[in-house]
Amino acid sequence: MNLLKLDLQFFSGEKTEKATPRKKQDARKKGQVAKSADVNTALSLLTVFLSFLFIGAFMRDRILLMIKGVFQDYLLLDLTDENVYDFFLTMAFQAAMILAPIMGIALVAGVLGNYLQVGFLFSTEAIQMKLNKLDPIQGFKRIYSMRAIVELLKSLLKISFVGLVTFAVIWFDMENVLRLSQMTVEQSFQFIASLTVKMGLFASAALLLLALMDYLYQRYDYEKNLKMSKQDIKDEYKKSEGDPLIKSKIKQRQREMAMRRMMQDVPTADVVITNPTHYAIALKYDESKMDAPYVVAMGVDLVAQKIKAIAKENEIMMVENRPLARALYDQVEIGQAVPEEFFQAVAEIIAYVYQAKSM
């Protein structure tokens, strides 16, 4: 019964297998990665509010300087085109000086959040214009899909959780909030600034916790969407490694070509050592190539018979030596020199062949 179930899953194409590294790599090239935008938002908020602890005094001084300049230099200034231009230019510069550190920190945090999730990735395919995105039917399906419902529930959870954390920060400091009317202006500003930073830190930490949970969900959803069927894996293997049938034919063709080259070298041999029926080793001695005799062809059974037939046609002497033929076949490859332990036996055979040819 279980075997039947597995067979049905195979033929139905059910996606039950994990994605292969190649499919993950292809998806990454298309910009499809496991990523949570909430991680970037939470990390940016957290770093920005943390930075207030270090650059808050600088920002306070710059804001006070800007306000002081307005009241001292521009309050009674005549309204002319040149004065208004100078005023707005000065205010823009002062605002840029105040906001530049915050913008820079937020930018670095956003880049860091992306890098921690997906590493370095540049893909233009994700921003390409696709006409199917303009299809109203597909758009309706996206709006009312299960993913859209999940995103809605996540948004409600984030608003509720972050709002609850922020309210808790205010609630625990409610005594000082109620005393705001009794504080001086400077004390009020200091308390409000401190409370704002505290709420921001707790809220961003809460959002970061939710973002980490969302990232885990995004990874799960990513792995689920990339799952493959057994047929998909088989097709991918064929594309990457080639069709097994074609590969076997190529290997067979290569073996045939190697066999033909080997048989063409048999007529150049000096001697063929035989078993006598099962093994045939064709040896050649050429001082210009190697210091010792080397194998130009070898084979067993039908190949051995073919080598001997070619040797007979070309009047190449055949010498029967069963142990030597078997040992050479097991230890030497085609094109290699005879090992040193066989020098004496092979040398005697080569000397015998040369002596026989000279007679």
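Residue positions are given per chain, counting from 1 as you read along its sequence in written order. Whole-chain, interface and lining totals are the exception, using all residues; otherwise, since this is a predicted model, local features are given only for residues with pLDDT of at least 70 and side-chain atom pairs are given and counted only at 80 or more. The basis for every side-chain value is the complete set of heavy atoms in the structure, and neither hydrogens nor water enter the calculation.

(A) The overall build of the chain, seen in detail. We count a stretch as a helix when DSSP gives it H or I for four or more residues in a row; a strand needs E for two or more, and each element gets its number in order from the N terminus. If you tally the helices and strands in the chain, you get 13 helices and four strands. The rule is simple: take the accessible area with a 1.4 Å probe, protein chains only, and divide by the maximum for that residue type; under 20% is buried, over 50% is exposed, in between is partly exposed. Counting all 359 residues of the chain, 29% fall into the buried class. Of the contacts formed within the chain by residues at least 6 apart in sequence, a portion of 74% connects residues at least 24 apart. We get accessible surface area from the Shrake-Rupley algorithm with a probe of 1.4 Å; when it comes to residues, only the shown protein chains can shield them. For the chain, the computed accessible surface area is about 25000 Å², with 63% contributed by carbon and sulfur atoms. Residue contacts follow a heavy-atom distance rule, with two residues in contact if any of their heavy atoms lie within 4.5 Å.

(B) Seen up close, the UniProt feature "transmembrane region" (unreviewed entry) in the chain. UniProt positions are given in the numbering used here, feature names are shortened, and annotations may be inferred rather than shown by experiment. Residues given the UniProt feature "transmembrane region" (unreviewed entry) here are residues 39-59, 87-112, 152-172 and 192-217. As annotated, residues 87-112 has a helix share of 100% and a strand share of 0%, and its two end C-alpha atoms lie 37 Å apart.

(C) Inspection of the pattern of salt bridges at higher detail. In the sections that follow, a salt bridge refers to a side-chain nitrogen of Lys or Arg positioned within 4 Å of a carboxyl oxygen of Asp or Glu. For the structure shown, the criterion picks out six salt bridges. Where aspartate 61 meets arginine 60, a salt bridge forms, and the shortest distance between an N and an O atom there is 3.3 Å. The partly exposed category is assigned to aspartate 61, whose relative accessible area is 40%. We note a salt bridge from arginine 326 to aspartate 330, for which the minimum N-O separation is 3.4 Å. Remark: aspartate 330 and arginine 326 occur in helix 12 (residues 322-331); sequence separation between them is four residues, near one turn of the helix.

(D) Molecular detail of the nonpolar core. What makes a nonpolar core is a set of buried Ala, Val, Leu, Ile, Met, Phe, Trp, Tyr and Cys residues whose side-chain atoms join them at distances within 4.5 Å. In terms of nonpolar packing, the biggest core is built from 19 residues, with Leu283 and Leu328 touching the most fellow members. Every element with two or more residues in this core is listed here: strand 1 (271-274), strand 2 (279-284), strand 3 (294-300), helix 12 and helix 13 (343-358). Filtering out sequence-adjacent residues up to four positions away, leucine 328 remains in contact with Ile273, Ile281, Leu283, Met298, Val338, Pro339 and Phe342.

(E) Structural detail: the side chain of glutamine 117. Here glutamine 117 is to be found in helix 4 (residues 81-118). Overall, the relative accessible area of 11% leaves glutamine 117 in the buried class. Here serine 36 takes part through its backbone nitrogen, which lies 2.7 Å from a polar atom of the side chain of glutamine 117. When neighbours within four sequence positions are excluded, glutamine 117 is seen to be in contact with Ala34, Lys35, Ser36, Val39, Asn40 and Tyr215. Polar contact criterion, stated in full: a pair of N or O atoms within 3.5 Å, where within protein one must be able to donate a hydrogen and the other to accept it, and residues adjacent in sequence count only if both atoms are side-chain atoms.

(F) Focus on the pairing of strand 3. Most of strand 3 is tucked away, with six of its seven residues classed as buried. Paired strands, in this sense, are two strands between which DSSP finds at least two bridges. In this structure, strand 2 lies alongside strand 3, joined through six bridges in antiparallel fashion. If you follow lysine 284 over to strand 3, its bridge partner there is tyrosine 294.

(G) Examining the packing of helix 3 (residues 37-74) against helix 4 more closely. The contact between helix 3 and helix 4 brings their axes to 9 Å, and the two run at 175°. Relative to helix 4, the element helix 3 lies roughly antiparallel. Axes here mean lines fitted to C-alpha atoms, for a helix over just the part in contact, with angles spanning 0 to 180 degrees between N-to-C directions. Oblique is the label for any angle not under 35 degrees, not over 145, and not in the 65 to 115 range, which are roughly parallel, roughly antiparallel and roughly perpendicular in turn.

(H) Expanded view of the layout of surface pockets. A cavity here means a set of points on a 1 Å grid, drawn over the protein atoms and nothing else, where a 1.4 Å probe fits but cannot get out; a pocket is an open set with protein on both sides within 12 Å along at least five of seven lines, and a residue lines either one if it has an atom within 4 Å of a point. Grid points are joined across faces, edges and corners, and a volume is the space filled by probe spheres set on the points. Here the largest pocket is characterised by a volume of approximately 690 Å³. What lines the largest pocket is a set of 16 residues, and nearest its centre among them are Gly56, Arg60, Phe189, Gln190 and Ala193. Among the elements of the structure, helix 3 and helix 8 (185-225) are those that each provide at least two residues to the lining of the largest pocket. Top element by residues in the lining of the largest pocket is helix 3. It accounts for nine residues. Ten residues, namely Ala, Val, Leu, Ile, Met, Phe, Trp, Tyr, Cys and Pro, are considered nonpolar, four, namely Asp, Glu, Lys and Arg, are considered charged, and the remaining ones, Gly among them, are considered polar. Its residues assigned to classes, the lining of the largest pocket shows 10 nonpolar, four polar and two charged.

(I) Spotlight on the side chain of lysine 154. When you line up the elements, lysine 154 lands in helix 6 (residues 146-172). By relative accessible area, which is 16% here, lysine 154 ends up buried.

(J) Layout of the sheet that holds strand 4 (residues 317-320). On the basis of which strands lie adjacent, the open sheet formed by four strands has the order 3-2-1-4 and mixed pairing. The open sheet terminates on both sides in strands that have one partner only, identified here as strand 3 and strand 4. Geometrically, the sheet is characterised by an average inter-axis angle of 20° between neighbouring strands, direction not taken into account. Running over the sheet, helix 12 touches strand 1, strand 2, strand 3 and strand 4 and is turned about 80° from strand 2.

(K) Seen up close, the confidence of the model for the chain. Values of pLDDT, the confidence the predictor places in each residue, fall between 0 and 100. Of the residues in the chain, 87% reach a pLDDT of 70 or more, and the chain-wide mean stands at 79. Within the chain, the lowest mean pLDDT, 45, falls on helix 1 (residues 2-12), and the highest, 87, falls on helix 8. Counted against residues more than four places away or in other chains, residues 1-12, with its pLDDT under 50, gives three contacts.

(L) Focus on the environment of valine 70. For valine 70, the position within the fold is in helix 3. With a relative accessible area of 24%, valine 70 lands in the partly exposed category. As for valine 70 and threonine 90, which are separated by 20 residues in sequence, their C-alpha atoms are 9.9 Å apart. Those residues in contact with valine 70 that lie beyond four places of it in its chain are Leu75, Phe87 and Met91.

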